[in-house]
Amino acid sequence: MAKILRSQSACAHQLKILSDSTRLAVLELLWSGPKHVGEMNTILGLEQSLLSHHLKVLRDEGFIRATRDGKAVLYQLETAIFDNNAGRIIDLGCCRLIFA
């Protein structure tokens, strides 16, 4: 029973991370391919510090990954969670979210 509760707790935590509209907007942008912060900021129109905060949360939770691209950082969806071949689906392990 304790293992099930831990699993449910982890799932609830991931869903809480995804409940933020800004984070969902970031994921939506990254579905079309990797982007730099400047590109995302131009589209979303957020303060850079706020966008950086959301990117850190998504990165820490394993939804996105960041790689160095010269002096910039390139963000992309984490392939273990997002399978482009399956459509716009987020597989959390406990549940799958399908975006139209």
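Structural data are supplied above this passage.
Since we're looking at a predicted model, the values are computed, not measured. (Residues numbered from 1 in each chain as written. Predicted model: local features only at pLDDT ≥ 70, side-chain atom pairs only at ≥ 80, totals over all residues. Heavy atoms only, no water.)

### Focus: the state of the cysteines
A full pass over the atoms with the stated rule returns 1 disulfide. Covalent S-S linkage joins C11 and C94, the inter-sulfur distance amounting to 2.0 Å. Given an S-S torsion of about 65°, the disulfide between C11 and C94 has right-handed geometry. Of this pair, C11 sits in helix α1 (residues 2-18) while C94 sits in the loop between β4 (89-91) and β5 (96-98), placing them 83 residues apart in sequence. Among the residues examined, C11 registers a relative accessible area of 12% and is labelled buried. Overall, the relative accessible area of 37% leaves C94 in the partly exposed class. Unpaired in terms of disulfides, C95 finds its nearest cysteine sulfur in C94, a separation of 3.7 Å. (Disulfide = S-S within 2.5 Å. Helix = DSSP H or I, 4+ residues; strand = E, 2+ residues; numbered from the N terminus. Buried < 20%, exposed > 50% of the residue type's maximum accessible area, 1.4 Å probe, protein only.)

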